[in-house]
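# Overview (structure and organization)
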Amino acid sequence: MTKGLIHHVEINVSNLEDSIAFWGWLLEELGYELYQSWNEGRSWKLEDSYLVFVQTEEIYLDASYHRKRVGLNHLAFYAKSRDHVDVITKRLEQKGISILYREHHPFAGGKKHYAVFFEDPDRIKVELVATV
């Protein structure tokens, strides 16, 4: 293992089924494989790191997530290429997932930053970026 490499990230979600539908296709498109599956969660793994999505217990669902509060702002993933960003953008649109910063897409991160920004069902911002 590489010292300092992220082992896993665990995210509590408001609706596990919606999150599985959203994250499953995206992560598998990025090369992740389904790693673990149980009644309250799923995880996908790429090499030595994995992402875990767990159903939030009902007693904690009253406080919703917002990326501008203290905590996680967004997750950013590498794309294979600019074309890959474009393909994912089209798939997002076909699934009815809104593209953030549409007026600046695909350069919302700057003139040399080719990416698509969008949100998961709990409004966690996701970024897919191609190296320029």
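Everything in this summary refers to the structure shown in the same document. (Residues numbered from 1 in each chain as written. Predicted model: local features only at pLDDT ≥ 70, side-chain atom pairs only at ≥ 80, totals over all residues. Heavy atoms only, no water.)

### So, the overall build of the protein
Along the protein, the regular secondary structure elements total two helices and seven strands. For the protein, the N- to C-terminal ordering of α and β elements is β-α-β-β-β-β-α-β-β. Against the compact-globule benchmark of 14 Å for 132 residues, the protein has a radius of gyration of 15 Å, which places it among compact chains. Projected onto its principal axes, the C-alpha coordinates of the protein cover approximately 45 × 35 × 30 Å. (Helix = DSSP H or I, 4+ residues; strand = E, 2+ residues; numbered from the N terminus. Rg over C-alpha atoms; globule rule 2.2 N^0.38 Å.)

### Considerations on the sheet that holds strand 7 (residues 125-130)
The strand order across the open sheet built from three strands is 5-7-6, with neighbouring strands paired in mixed fashion. Of all the strands in the sheet, just strand 5 (74-78) and strand 6 (114-119) have a single pairing partner and so form its edges. Here the average twist between neighbouring strands, direction ignored, is 20°. As judged from the six bridges shared by strand 6 and strand 7, these two strands associate in the antiparallel manner. Bridging across to strand 7, Val 116 finds its partner in Leu 128. Packed onto the sheet, helix 2 (residues 82-94) meets strand 6 and strand 7 and runs at close to 25° relative to strand 6. (Pairing = 2+ DSSP bridges. Axes fitted to C-alpha atoms, helices over the stretch in contact; angles between N-to-C directions. Contact = heavy atoms within 4.5 Å.)

### Describing the nonpolar core
Judged by nonpolar contacts, the single largest core of 28 residues is most densely connected at Trp 23, Leu 26, Phe 53 and Phe 77. At the level of elements, strand 1 (8-13), helix 1 (16-29), strand 4 (49-55), strand 5, helix 2, strand 6 and strand 7 are the ones that each hand at least two residues to this core. For this core, the element with the highest residue contribution is helix 1, accounting for six residues. Not counting the four nearest positions on each side in its chain, Phe 53 is found in contact with Ile 11, Val 13, Leu 16, Trp 23, Leu 27, Glu 40, Gly 41, Arg 42 and Trp 44. (Core = buried A, V, L, I, M, F, W, Y, C linked by side-chain atoms within 4.5 Å. Buried < 20%, exposed > 50% of the residue type's maximum accessible area, 1.4 Å probe, protein only.)

### Description of the environment of Val 9
With respect to the element layout, Val 9 can be found in strand 1. Val 9 gets classed as partly exposed once you look at its relative accessible area, which sits at 25%. Each C-alpha atom of the pair Val 9 and Leu 92 lies 23 Å from the other, and the pair is 83 residues apart in sequence. Excluding residues within four positions of it along the chain, Val 9 makes contact with Tyr 50, Leu 51 and Val 52.

### Considering the sheet that holds strand 2 (residues 33-38)
Taken in spatial order, the four strands make up an open sheet running 1-4-3-2, and their pairing is mixed. The open sheet terminates on both sides in strands that have one partner only, identified here as strand 1 and strand 2. Here the average twist between neighbouring strands, direction ignored, is 15°. Judged from the five bridges that link them, strand 2 and strand 3 (residues 41-46) form a sheet pairing that is antiparallel. What sits directly across from Leu 34, in strand 3, is Trp 44. Against the sheet, helix 1 engages strand 1, strand 3 and strand 4, with an angle of about 10° to strand 3.

### Re the pattern of salt bridges
Inspection of the entire model under this criterion finds four salt bridges. In this structure, the salt-bridge partner of Glu 93 is Arg 102, at a minimum N-O distance of 2.0 Å. For the salt bridge of Glu 119 with Arg 123, the shortest nitrogen-to-oxygen distance reads 3.1 Å. Assessed through its relative accessible area of 47%, Arg 123 is described here as partly exposed. A single salt-bridge network, built from bridges that share partners, covers Arg 67, Glu 119 and Arg 123. (Salt bridge = Lys/Arg side-chain N within 4 Å of Asp/Glu carboxyl O.)

No statement about biological role is implied by the geometric values presented.
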